[in-house]
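Survey of secondary and tertiary structure
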Amino acid sequence: MMTISDIAQKLSLKVLSGQGGINREVTGGYVSDLLSDVMGHAQAGHIWITLQTHKNVMAIASLKDLAAVILVSSHQPNEDTAMQSNEEEIPVLGTDLSAFEISGKLYEILKT
Amino acid sequence: MNSFRADLHVHTVLSPCGDLKMSPAAIVETAARRGIDILGITDHNSTKHGPLVSKLAREKGIFVLCGAEVTTREEAHCLTFFENFETLAAFQQYLDRHLPDIKNDPKYFGYQVVLDEQEMIVEEEERLLISGLDQGLDQVETEVHRLGGLFIPAHIDRPRYSLTSQLGFVPQDLKADALEVSRFTTPEEMIRQFPWIESYTFIRSSDAHHPDTLGSGITIFDMENRNFGEIRKALHKQDNRSTRIEKPGI
């Protein structure tokens, strides 16, 4: 199974925070900017792709035991979001790509 | 202590979805007929109709709380209010700086116009006012409070444009002066879902875009008289001032 570290390397993702969690294993992915939708449908071990940067993102990632969060289109985590990511050791990763592009790439490497 | 009936969330014709019947004069007329003592004017991302409504309302003995309904970057709607026209204008500059430059198409969103006392159009807002600002919830809150204003997340229970729909739940350490609930829920129900919001004051308003619904949500303010400072005190339950939500119904 692939870890966050493997995925970050393959997709050239920047680790913006939560370095302590880069060996978490990834079981799949979920793309949504509606936090209530993620709470309802994402599964433990998923990597979550979003443009939301508010600290509630980390609360939900932690509640659902997600593997990591990818912020798309060069979005940066809020200060308290990054802090919570470090504390919970759930990495926030960054990319300049759009949600569409990074989802496609992630899907490609996860399905094989 | 006196009791004042307040509807703090009313849109004028300046809001893209505001009915053309929502002219400042018509709003004041309707509010007076429905026994409203305090009226909040909260157009989407614009404060420009507040001063005129304020002037017209004074003649009818209605106090107007001027502000805007801001769309944050997360697309959560928040009511904001300011004490005087100076801070209101300063907040308008902030809105102008942070509203993305997307042109309104009246065909889809309706006209966004500012009227004068004679109901003549004096300005048409070109930028689409329902866009989200490039500012997050916390940044908007900080700016509103820097200007001495009030910050009240709107209809927090609703499935669209609310804290719960956009952020999953009400953030734990939110610096809000109150929380607004729609007529579809009660403060008790919201506290049952999110126990940490128990200490907030809850208001209910109409979110009227049409004269028919103006006053369909009313919060009663128990305080000495009607001014910004008293309203702030009532929301913060200071000096025996307080608020209560009136049972719905027009």
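To start, this report covers the structure provided alongside it. Just so it is clear, the model here is predicted, and its values are computed rather than measured. (Residues numbered from 1 in each chain as written. Chains lettered and ligands numbered in written order. Predicted model: local features only at pLDDT ≥ 70, side-chain atom pairs only at ≥ 80, totals over all residues. Heavy atoms only, no water.)

1. What about the overall build of chain A?
The helix and strand tally for chain A stands at five helices and five strands. Principal axes of the C-alpha set define a box for chain A whose edges measure 35 × 25 × 25 Å. Across the 112 residues that make up chain A, the buried fraction comes to 49%. Taking the intrachain contacts of chain A between residues at least 6 apart in sequence as the baseline, contacts between residues at least 24 apart amount to 50%. Total accessible area on chain A is roughly 5,300 Å²; 50% of this is exposed by carbon and sulfur atoms. Looking at charge distribution, chain A has the averaged site of its 7 positive side-chain charges lying 6 Å from that of its 13 negative ones. (Helix = DSSP H or I, 4+ residues; strand = E, 2+ residues; numbered from the N terminus. Buried < 20%, exposed > 50% of the residue type's maximum accessible area, 1.4 Å probe, protein only. Contact = heavy atoms within 4.5 Å. Areas by Shrake-Rupley, 256 points an atom, 1.4 Å probe, with all protein chains shown as cover. Lys, Arg positive; Asp, Glu negative; His and termini not counted. Charge placed at Lys NZ, Arg CZ, Asp CG, Glu CD.)

2. Here we look at helix α3 (residues 85–98) of chain B
Think of an α-helix as turning once every 3.6 residues; residues three or four places apart then point the same way. Residue and element names in this part refer to chain B. Its 14 residues give α3 an end-to-end C-alpha distance of 20 Å, which sits within 8% of 20 Å, the value for a rise of 1.5 Å per residue. All of the buried residues in α3 are Thr87, Leu88, Phe91, Gln92, Tyr94, Leu95 and His98. Seen along its axis, α3 keeps its buried residues to an arc of 160°; they face one direction. Of the exposed residues in α3, those oriented more than 90 degrees away from the buried face are Glu86, Gln93 and Arg97. Lining the buried residues of α3 we find α2 (50–59), β3 (63–71), β4 (77–82) and α5 (137–146). (Expected span 1.5 Å × (residues − 1). Arc of directions from axis to C-beta.)

3. Observations concerning the packing of aromatic side chains
All names here are of chain B. Tallying each qualifying case throughout the model produces four aromatic pairs over all chains. Residues phenylalanine 91 and tyrosine 94 carry aromatic rings whose centres are separated by 5.4 Å and whose planes lie at 25° to one another, so their mutual orientation is stacked. A residue pair is termed a helical-turn pair when its members lie 3 or 4 positions apart in one helix, as phenylalanine 91 and tyrosine 94 do in helix α3 at three residues. Each member of the pair, phenylalanine 91 as well as tyrosine 94, carries the same accessibility label: buried. Here the aromatic cluster, defined as three or more aromatic residues joined through ring pairs, consists of Phe82, Phe91 and Tyr94. (Phe/Tyr/Trp six-rings, centres within 6.5 Å; stacked < 30°, edge-to-face > 60°.)

4. Considering the interface of chain B and chain A
When the parts of a complex come together, some accessible area is lost, and that lost area is often used as the size of the interface. Listed by partner, the interface residues are twelve residues for chain B and 14 residues for chain A. Of the roughly 1,000 Å² buried between chain B and chain A, counting both surfaces, carbon and sulfur atoms make up 47%. Looking at the side of chain B facing chain A, the largest losses of area belong to Arg73, Leu167 and Phe169 of chain B, adding up to 39% of the total buried there. On the surface where chain B and chain A come into contact, there are one salt bridge. Put simply, lysine 55 of chain A and aspartate 173 of chain B hold a salt bridge, and the shortest N to O gap is 2.9 Å. Between the two partners, chain B and chain A, sit six residue pairs in polar contact (both at pLDDT 80 or more). (Buried area = accessible area lost by both parts, 1.4 Å probe. Salt bridge = Lys/Arg side-chain N within 4 Å of Asp/Glu carboxyl O. Polar contact = N/O pair within 3.5 Å; in protein donor to acceptor, adjacent residues only side chain to side chain.)

5. Notes on the pairing of strand β1 (residues 2–10) of chain B
Residues and elements named next belong to chain B. Sheet topology places β1 next to strand β10 (residues 219–223); five bridges connect them, and they run antiparallel. Note on β10: the bridge partner recorded for phenylalanine 4 is phenylalanine 221. Bridge analysis of β1 against strand β2 (residues 38–44) gives three bridges, and the strand direction is parallel. The residue bridging alanine 6 from the neighbouring strand is isoleucine 38, located in β2. (Pairing = 2+ DSSP bridges.)

6. Focus: the sheet that holds strand β1 (residues 14–17) of chain A
Residues and elements named next belong to chain A. The sheet built from five strands is open, its strands ordered β1-β5-β4-β3-β2 with mixed pairing. Looking at strand neighbours, the two that pair on one side only are β1 and β2 (28–31), the edges of this open sheet. Each adjacent strand pair in this sheet contributes to an overall mean axis angle of 30°, direction not counted. One ladder, built from four bridges, connects strand β3 (residues 46–50) with strand β4 (residues 68–71); its direction is parallel. Pairing of isoleucine 49 across the sheet is with isoleucine 70, part of β4. Here helix α5 (residues 99–111) sits on the sheet and contacts β2, β3 and β4; the angle it forms with β3, its principal contact strand, is near 165°. (Axes fitted to C-alpha atoms, helices over the stretch in contact; angles between N-to-C directions.)

7. Side note on the sheet that holds strand β7 (residues 150–153) of chain B
Residue and element names in this part refer to chain B. An order of β7-β4-β3-β2-β1-β10-β11 is seen for the seven strands of this open sheet, with the pairing classed as mixed. Each of the sheet's edge strands pairs with one partner strand only, and the pair in question is β7 and β11 (242–245). Strand-to-strand, the axes of this sheet are offset by a mean angle of 25°, without reference to chain direction. By the bridge criterion, four bridges tie β10 to β11 in an arrangement that is antiparallel. Each bridged residue has a counterpart across the sheet, and for isoleucine 220 the counterpart in β11 is arginine 244. This element, helix α8 (residues 228–235), spans β2, β3, β4, β7, β10 and β11 of the sheet and lies at about 105° to β10.

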